[in-house]
Amino acid sequence: MLSRFQPAGLAGPRRPLLLGAALLLAAPVLAQTQPGLPAASQAIGLASDSLTLGGTVQAVLDANPGVANLTELANAASSRLSQTQAGFLPLVTGTATYTHLDPVSVANFGGQEFAFVPNNNFDAHLTAQYELYDFGKRAATTNLSRSQVQTAQDNIVVARRDLAFNAVQAYYSILFMRESIRVQDQEIASLVAHRNEMQKRVDAGVSTRFDVTTTDVRITQAQNTKLDLQNQLRNQQVQLARLLHKPQQADVPVKGSLGYAPQPVNLEAELLKASQNRPEAKLAKDAEASAELQTRLIERGNLPSLGVGAQVGGKNGYILPNVAITDIRLNTVAVAQLSVPIYDGNKNRKQRVEALANARATVARTADTQEQIRADVRQAANNMEFSQARYNNAQQQVAQATDALTKARDRYRYGVGANLDVLDAETQLAQSRLSLAQAMYSYTLGQYQLKRATGEQIWQ
């Protein structure tokens, strides 16, 4: 007989049902106190002995070095922006030089030697330079750097969301595995009680040993299934420990339970929210803006620039009346410079062709991203709708299976039914309870998937 619940890595008809939803519906969010969310999602923070959902996600975000890496990259982008903004300010430098010359040129006048240059030359001055006008090149560079800062910040949002996805997935998988094990324990206890009752009937001579043996086989199968579930639970705990960067801790304690709290979904409103709030949409817009600003910067690359400068300082070596050549005198310099590019081998024109192609590519990427976002929202809404329908069906199945088991036991007790009917009824009841837990698990993750699809951030 095949196990009713097949864990990862084992063949079986129920493997796609129970594991597929975990992959399909997982969504990255941190539960806060929100109306319409399951009770397990309301608890936030770190308990004395275990992690709630909020504590789990926050601990994962705090422990992951990838977020710190992206944060530092954003800091570097902000620093580059500050560097480009410095181009709007004057550049002031101070210089001091000493030069010793030997020999120096001299001339003889009236029996006296006159040096044209002193042996010891001193020169100290301050220089101020300022680009007066560059036809918008500095402004274009600054705007491009500002766009890159926004991109770096949006990348942090995406990284935090993806980490939250993994944390929520591991958290609810652990809760689901625990609930599945609890259902399995109920079945094993019920089978053991049935087996003990049959043993009494065998001892009284009103039943055969075959029924006891058949029940023992079912108990063993149920115990094997429980072992499979325990293995999956351990693997999910290992996965959570890895996310927390505590690989040596095989069992990360978490608290909570599966819940079910249906909420209405306005598809059009969610689609509008997603188009405005999804970080992928913002990143696509960032890329579009950066490409446009890069194009503007290149277009201004061959434009003239006008700069001014001034220098003040003191030096010796002046040949002036009544002044010794070694005396240090105050001197000033003022300059204005106009630079006009004339020919660059058509480099700028080719750069503009490349920049325009990149800009068109970003526009197409934005359109594709928006289509993907809309698809994500629709899929999340569909998953919630069908998970809700499965929950309602599972409730009916549990009630029907419970009634069927009661009748099968009564029929067997009065000798008008077979032991196999009781065992099959036990199996059907356990499957119905697992289906109910699966529906609760799928719907809960569907809620988070919808929040992820619409770009709603519910972690601090």
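Data block above holds the structure.
What counts, and where the lines are drawn
- Residues numbered from 1 in each chain as written.
- Predicted model: local features only at pLDDT ≥ 70, side-chain atom pairs only at ≥ 80, totals over all residues.
- Heavy atoms only, no water.
- Salt bridge = Lys/Arg side-chain N within 4 Å of Asp/Glu carboxyl O.
- Helix = DSSP H or I, 4+ residues; strand = E, 2+ residues; numbered from the N terminus.
- Buried < 20%, exposed > 50% of the residue type's maximum accessible area, 1.4 Å probe, protein only.
- Axes fitted to C-alpha atoms, helices over the stretch in contact; angles between N-to-C directions.
- Parallel < 35°, antiparallel > 145°, perpendicular 65-115°, else oblique.
- Left-handed = near helix turned anticlockwise from the far one by under 90°.
- Contact = heavy atoms within 4.5 Å.
- Core = buried A, V, L, I, M, F, W, Y, C linked by side-chain atoms within 4.5 Å.
- 1 Å grid on protein atoms, 1.4 Å probe; cavity = no way out; pocket = protein on both sides within 12 Å on 5 of 7 lines; lining within 4 Å.
- Points joined across faces, edges and corners; volume = space filled by probe spheres on them.
- Nonpolar A, V, L, I, M, F, W, Y, C, P; charged D, E, K, R; others polar.
- Pairing = 2+ DSSP bridges.

A. Up close: the pattern of salt bridges. Counting across every chain of the model gives 16 salt bridges. In this structure, E270 engages K273 in a salt bridge whose closest nitrogen and oxygen atoms are separated by 3.6 Å. With E270 and K273 both in helix 6 (residues 267-277) and three residues apart, this pair spans about one turn of that helix. Its relative accessible area of 14% is what places E270 among the buried residues. We note a salt bridge from R409 to E426, for which the minimum N-O separation is 2.6 Å. Here R409, found in helix 8 (residues 347-413), pairs with E426, found in helix 9 (residues 419-453); they are 17 residues apart in sequence, far enough to count as distant. A residue is classified by how much of its surface remains accessible, and R409, at 30% relative accessible area, is partly exposed. Note on E426: relative accessible area 2%, which makes it buried. Shared partners join several salt bridges into a network, and the residues in it are R161, R278, E280 and D376.

B. Quick look at the packing of helix 2 (residues 53-63) against helix 4 (residues 137-203). Helix 4 packs onto helix 2 with a crossing angle of 135° between their chain directions and a minimal axis gap of 9 Å. With respect to each other, helix 2 and helix 4 are oriented oblique. As helix 2 packs across helix 4, the resulting crossing turns out to be right-handed. Of helix 4, the residues touching helix 2 (which contributes L53, T56, V57, V60 and L61) are R160, L163, A164, A167, V168, Y171 and Y172.

C. Summary view of the nonpolar core. By size, the foremost hydrophobic cluster in this structure holds 47 residues, and its most contacted members are L53, V57, V60, V168, Y172, L240 and L258. Looking at which element gives the most residues to this core, the answer is helix 4, with 14 residues. L271, I373, A380 and L450 belong to the second largest nonpolar core, which has ten residues in total.

D. Representation of the layout of surface pockets. In this model, the largest pocket occupies a volume close to 320 Å³. Surrounding the largest pocket, 22 residues form its lining, Q129, Y130, E131, G307 and V308 being those nearest its centre. Those elements that provide at least two residues to the lining of the largest pocket are strand 4 (120-133), strand 5 (305-315) and strand 6 (329-339). For the lining of the largest pocket, the element with the most residues is strand 5, which contributes seven residues. Looking at the lining of the largest pocket residue by residue, the class counts come to twelve nonpolar, nine polar and one charged.

E. Representation of the sheet that holds strand 5. The strand order 1-4-5-6 describes an open sheet built from four strands, whose pairing is antiparallel. The open sheet has two edge strands with one neighbour each: strand 1 (91-100) and strand 6. Sheet twist, expressed as the average angle between the axes of neighbouring strands with direction ignored, equals 20°. The pairing of strand 1 with strand 4 spans ten bridges and is antiparallel. Along strand 4, the bridge assignment pairs Y98 with F122.

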